[in-house]
Amino acid sequence: MYATAFLDLPALSGASGAVLLPGSKSISNRVLLLSALCEGTTTVHDLLDSDDTRVMLAALRQLGCGVAQDGTTVTITGLGGRLQKTQALEFFMGNAGTAMRPLTAALAVMGGDFTLKGVPRMHERPIGDLVDALRLLGCHIDYLGNEGYPPLRIREPNLVLEAPIQVRGDVSSQFLTALLMALPLAAEQRAITIDVVGELISKPYIEITLKLLARYGIAVQREGWSRFVIPAGSHYRSPGSIHVEADASSASYFIALGALADGQGITVQGVGVDSIQGDIRFVEAAQLMGAQVSSGPNTLHIQRGAWPLKGIDLDCNHIPDAAMTLAVMALYADSPTTLRNIASWRVKETDRIAAMATECRKLGATVEEGPDWLRIHPLPAGAWRAASIHTYDDHRVAMCFSLAAFNADQVPVRIEDPKCVAKTFPDYFEALFSVAQAHTVPVICIDGPTASGKGTLAARLAHTLGYHYLDSGALYRLTGLAATRAGLPLDASAEPAIADLARTLPVRFQGEQVWLGTDDVSEAIRTEEAGMNASRVSALPAVRTALVALQHRFRQLPGLLADGRDMGTVIFPDAPLKVFLTASAAKRAERRHKQLISKGFSVTLDSLRADLEARDARDLSRSVAPLKPAQEALSLDNSELSIEASVDQVLAWWQRTQPF
Ligand code: DC
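Quick caveat: nothing in here was measured; it's all calculated off a predicted structure.

Chemist: Pulling in residues and values, what's your account of the pairing of strand β27 (residues 507–510)?
Modeler: Relative to strand β28 (residues 513–516), β27 is paired through 4 bridges, and the arrangement is antiparallel. Within the sheet, the bridge partner assigned to Val507 lies in β28 and is Leu516. Hairpin remark: β27 followed by β28, antiparallel, with 2 residues in the connecting loop; positive phi at Gly511, about 60°.

Chemist: Describe the layout of surface pockets, naming the residues involved and giving the relevant values.
Modeler: In this structure, the second largest pocket spans a volume of roughly 360 Å³. Residue lining of the second largest pocket: 18 residues in total, with Leu21, Pro22, Gly23, Asp46 and Ala246 positioned closest to the centre. Classifying every residue of the lining of the second largest pocket gives 9 nonpolar, 5 polar and 4 charged.

Chemist: Got a sec to walk through the packing of helix α20 (residues 585–598) against helix α21 (residues 605–621)? Specific residues and values, please.
Modeler: For the pair α20 and α21, interaxial distance at closest approach is 9 Å and the crossing angle is 125°. Of the possible angle classes, the one that applies to α20 and α21 is oblique. In this structure, α20 meets α21 at a crossing whose hand is right-handed. Residue-level inspection shows Ala585, Ala586, Arg588, Ala589, Glu590, Arg592, His593 and Leu596 of α20 in contact with α21, the latter providing Leu605, Leu608, Arg609, Leu612, Glu613 and Asp616. When the residues that make up the contact of α20 with α21 are grouped by side-chain class, the tally is 7 nonpolar, 1 polar and 6 charged.

Chemist: Describe in detail the site of the ligand, supporting the description with residues and values.
Modeler: Around the ligand, the surrounding shell holds 15 residues, and the nearest of these are Ser472, Arg477, Arg544, Arg565 and Arg622. Here Arg477 contributes a side-chain N or O atom positioned 2.6 Å from an oxygen atom of the ligand. Arg544 is positioned such that a nitrogen or oxygen atom in its side chain is 2.8 Å from an oxygen atom of the ligand. Isolated, the ligand exposes 450 Å² of accessible area, and the fraction of that covered by the protein chains is 94%. Among the secondary structure elements, those contributing two or more residues to the shell around the ligand are α14 (472–485) and α16 (528–538).

Chemist: Describe empty space enclosed by the protein, with residues and values.
Modeler: Scanning all chains against the criterion turns up 3 cavities of 30 Å³ or more. The wall of the largest cavity is formed by 29 residues, among which Thr98, Gln174, Tyr205, Asp321 and Lys348 lie closest to the centre. Taken together, the elements giving at least two residues each to the lining of the largest cavity come down to α1 (25–37), α3 (97–110) and α6 (203–215). Here the lining of the largest cavity is composed, by residue class, of 6 nonpolar, 11 polar and 12 charged. Roughly 60 Å³ of volume is contained in the second largest cavity. Lining the second largest cavity are 13 residues, and of these Asp447, Gly568, Lys578, Val579 and Ala630 sit closest to its centre. For the lining of the second largest cavity, the secondary-structure elements that each account for two or more residues are β25 (443–447), α19 (567–571) and β31 (577–582).

Chemist: Talk me through the pattern of salt bridges; I want residue IDs and the actual numbers.
Modeler: On inspection of all chains with the given rule, the structure shows 41 salt bridges. For the salt bridge of Asp8 with Arg414, the shortest nitrogen-to-oxygen distance reads 2.6 Å. Placement of the pair is Asp8 in strand β1 (residues 6–9) and Arg414 in strand β23 (residues 413–416), with a sequence separation of 406 residues. Overall, the relative accessible area of 4% leaves Asp8 in the buried class. Using a relative accessible area of 8% as the deciding quantity, one classes Arg414 as buried. Put simply, Arg503 and Asp500 hold a salt bridge, and the shortest N to O gap is 2.9 Å. Of this pair, Arg503 and Asp500 both sit in helix α15 (residues 495–503), 3 residues apart, which is roughly one turn of the helix.

Chemist: Can you break down the nonpolar core residue by residue, with the values?
Modeler: The biggest cluster of nonpolar side chains holds 89 residues, and the ones touching the most others in it are Phe254 and Leu326. Residue contributions to this core peak at 9 residues, all from helix α7 (residues 248–260). Excluding anything up to four places from it in sequence, Phe254 contacts Val19, Leu21, Ile266, Val268, Ile302, Phe425, Tyr428, Ala431, Leu432 and Val435. Counting 81 residues, the second-largest nonpolar core is a separate cluster that includes Leu60, Met110, Ile154 and Ala178.

Chemist: Could you give an account of the packing of α1 against helix α2 (residues 51–62), naming the residues involved and the relevant values?
Modeler: If you want to describe how two helices pack, look at the angle between their axes and the distance between the axes. Between α1 and α2, the shortest axis-to-axis distance is 10 Å and the interhelical angle comes to 5°. One way to sum up the angle between α1 and α2 is to call them roughly parallel. Here Lys25, Ser28, Asn29, Leu32, Leu33 and Ala36 of α1 lie close against α2, whose contacting residues are Asp52, Thr53, Met56, Leu57 and Leu60. Here the contact of α1 with α2 is composed, by residue class, of 6 nonpolar, 3 polar and 2 charged.

Chemist: Got a sec to walk through the sheet that holds strand β12 (residues 221–223)? Specific residues and values, please.
Modeler: Spatially, the 4 strands line up as an open sheet ordered β10-β11-β13-β12, and their pairing is mixed. One side of each edge strand has no neighbouring strand; the edge strands of this open sheet are β10 (165–168) and β12. Between one strand axis and the next, the sheet turns through 20° on average, direction left out of account. Where β10 and strand β11 (residues 192–197) come together, 4 bridges link them in parallel fashion. Looking at the pairing, Ile165 lines up with Ile194 of β11.

Chemist: Describe the packing of aromatic side chains, naming the residues involved and giving the relevant values.
Modeler: Taken as a whole, this structure holds 14 aromatic pairs when the rule is applied. A ring pair is formed by Trp225 and Phe228, whose centres lie 6.4 Å apart and whose planes are at 50°; its orientation type is tilted. Overall, the relative accessible area of 24% leaves Trp225 in the partly exposed class. Sitting over the face of the ring of Trp225, Arg222 holds its NZ or CZ atom 3.9 Å from the ring centroid.

Chemist: Tell me about α20, and please be specific about residues and values.
Modeler: With 14 residues, α20 extends 20 Å from end C-alpha to end C-alpha; this agrees with the ideal 20 Å at 1.5 Å per step. Of the positions making up α20, those classed as buried are Ala585, Arg588, Ala589, Arg592 and Leu596. Along the long axis of α20, the arc covered by the buried residues comes to 100°, so they all point the same way. The exposed residues of α20 that point more than 90 degrees off its buried face are Lys594 and Ser598. Contacts from the buried residues of α20 go to α16 and α21. Positive phi appears at Gly600, one or two residues downstream of α20, with a value of about 90°.

Chemist: Describe in detail unusual backbone geometry, supporting the description with residues and values.
Modeler: Note that the residue after Trp307, namely Pro308, is joined by a cis bond; omega there is 0°. Within the secondary structure, Pro308 is located in the loop between β17 (299–303) and β18 (313–315). For the bond from Leu557 to Pro558, the omega torsion is 0°, close enough to zero to count as cis. Counting through the fold element by element, Pro558 comes out in the loop between α18 (548–552) and β30 (560–563). The phi dihedral of Ala451 falls on the positive side, at around 65°, and the residue is not glycine. Position of Ala451 relative to the elements: it lies in the loop between β25 and α13 (454–465).

Chemist: Let's hear about the pairing of β25: which residues, and what values?
Modeler: Counting buried residues in β25 gives 5 out of 5 residues, a clear majority hidden from the surface. Because side chains alternate across β25, one face comprises the buried residues Val443, Cys445 and Asp447, and the other comprises Ile444 and Ile446, equally buried. Bridge count for β25 against β30 is 4 bridges, and the pairing is parallel. The residue bridging Val443 from the neighbouring strand is Leu560, located in β30. Across 4 bridges, the pairing between β25 and β31 is parallel.

Analysis parameters
Sequence order as written defines residue numbering, which begins from 1 separately in each chain. pLDDT decides what is reported in this predicted model: residues at 70 or higher carry local features, side-chain atom pairs at 80 or more are listed and counted, and totals for whole chains, interfaces and linings draw on all residues regardless. Think of the side-chain values as coming from all heavy atoms in the structure, minus any hydrogens and water. Pairing between strands is defined by DSSP: at least two bridges between the two strands are required. For helices the rule is a DSSP run of H or I covering at least 4 residues; for strands it is a run of E covering at least 2, with both sets numbered from the N terminus onward. Two kinds of site are reported from a 1 Å grid over the protein atoms alone, namely cavities, where a 1.4 Å probe fits but cannot get out, and pockets, open sets with protein on both sides within 12 Å along at least five of seven lines, and residues are called lining when an atom falls within 4 Å of a point. Grid points are joined across faces, edges and corners, and a volume is the space filled by probe spheres set on the points. Gly is placed with the polar residues, together with every amino acid not listed as nonpolar (Ala, Val, Leu, Ile, Met, Phe, Trp, Tyr, Cys and Pro) or charged (Asp, Glu, Lys and Arg). Interaxial angles span 0 to 180 degrees and are taken between N-to-C directions of axes, which are lines fitted to C-alpha atoms, for helices over the stretch in contact. Between 65 and 115 degrees an angle is taken as roughly perpendicular, under 35 as roughly parallel, over 145 as roughly antiparallel, and anywhere else as oblique. Here a crossing is called left-handed whenever its near helix is offset anticlockwise from the far helix by less than a right angle, and right-handed whenever the offset is clockwise. Here, residues are in contact when the closest pair of their heavy atoms is within 4.5 Å. Being near a molecule or strand, for a residue, comes down to having at least one heavy atom within 4 Å of it. Polar contacts, as used here, are pairs of N or O atoms within 3.5 Å; protein pairs need one atom able to donate a hydrogen and one able to accept it. Residues neighboring in sequence count only if both atoms are side-chain atoms. Surface accessibility follows the Shrake-Rupley procedure with a 1.4 Å probe radius. Residue values consider only the protein chains on display as shielding. A carboxyl oxygen of Asp or Glu within 4 Å of a side-chain nitrogen of Lys or Arg is what we treat as a salt bridge. Relative accessible area decides the class of each residue, using a 1.4 Å probe on protein chains only: under 20% of the type maximum gives buried, over 50% gives exposed, and in between gives partly exposed. Throughout this description, the term nonpolar core refers to a set of buried Ala, Val, Leu, Ile, Met, Phe, Trp, Tyr and Cys residues connected via side-chain atoms within 4.5 Å. Pairing of aromatic rings covers Phe, Tyr and the six-membered ring of Trp, with a centre-to-centre limit of 6.5 Å; geometry is then stacked below 30 degrees between planes, edge-to-face above 60, and tilted otherwise. Over a ring means this: the NZ of a Lys or the CZ of an Arg is within 6 Å of the ring centre and within 35 degrees of the ring normal. Between the first and last residue of a helix there are one fewer steps than residues, each counted as 1.5 Å, and that sum is the expected span. As used here, the arc belongs to the directions running from the helix axis to the C-beta atoms.

Interpretation in functional terms is not warranted from these geometric data alone.
Dropping the structure here:
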């Protein structure tokens, strides 16, 4: 997951390959609650691990459910419709509508002393229609803040089950879903009827609810979409084990990607067109715009068809979430696209109609909007603007706008607060980068004399920007270590053999750890001796050549921080920013001294300084890859600067190269 303040996507040129998508949010949270309400133990496979499911799992634990987690498999021991804990409980629902609404209903029917609250946005998302329906049933619910909105306080109910319960269907289908999942708890003795008032929106989500209820032993009878009857004698039964399909809404970004990007096409694994999720019908909308889609069991393959895409005019009520993706696809079309019947967008994680309109306009598009519709005009080549996309703590806004990076003008796109995708798809950007290709992956090179702090600076910058990090010195250290272990002399007599080792180094970087084959060599390559050996092998031209391809392989999306001797001169000469970091020999000796002392080595400052000066002289004068700044390198003397100040300076230089 990218937890950076922003993530810059360089212009993307194509995409091909396969992605395995995380589990569906809607199915995951329903299955968790149903497993908690029934008797017995349910093993849930391929559960989504995201903010919203974590909120639900935490609530179930609070209620006394058994929850055992092993990766994406979770085993839930249900409550059997009865609460074991009766003390007052307070639940934090974050911004998870799929947890807030159904839990409210289930807790209100079971009774107790509960408070449910969430993030500020959750307190602006309506729940009044659900509360009204539950009150008709005799549930005891009070508003703690604004009338009609969370937070809520729930007490013991006094259930009256005679008359049909009425619920509005035109604000959020989650109200009906919540009732359908809670009321079987009260339907042991008599049937319960729910009447939907007004047009029911988002029917496909109700279908998911009904299909899952059936898996848990509840056969709801329905008359059209206006009356639902939970038969008398209904009783939750665990299916024993259940698989969660991949998220069809998450699939929409990759379906769009396949339609937009030049390449061999995109394969989506984990969901196919026979999915129970309504958003799978996004496939049809994408086909209308030109995508070529084929489906197998639990897979989809998408390829670019019509290009440019075709503008469409579509009622999107059946695919409320996935339809956001159409708004960005519309930028690549040959005529305007109108998305209709999307009033529910206004009460989602953010006002999505306003958000999509505002951000599309930032890219240069003409957008018209109404209370329940949105019209996006295409953006022709020459009209795209580089934009910093605000994401409103809305995962879908962030994921949608990543698709703008395929624009014809090759302008980059900045996604603010990229971690908001954690709501449903924590590794979205990793998945995107695993199949996308960029026109040019940006590289920032940091070079400088030994102990100037370039490693620390480069690593911090990589962390801030979400970029990969190449510690090229480590590759020479690894080569020196591998050669020593192979019993080779570290001089020209063994040059071809050491070069062979370097070419096939089985190296793996994992956070702070460095692996050579199956050995963790993180410590071994950091000794003074390893540094000396690295210096020796790095003077052999064949070894340097052998490491070129390996170093180039680090240049991956979204970008690279490359630290080392010849990064800006030989390895990445086209890097848009090169920094030459220096500090006085006295300062560098002081820093290295502190470092070594803290590791328990006894060295004197004077000897270190003499060593450094000798190494500088050797590095400057050596014929192979001498220490010298790249011609266009910006020089930074950090003798008197804190690490933070150095990072800020380089970030400021980097920002100057950006069009945002
Ligand atoms: O930065 P470091 O101390 O880990 O580097 C180890 C040695 O490798 C040092 O003598 C410089 C050399 N080196 C090199 O020649 N070329 C690089 N790109 C990186 C390091």
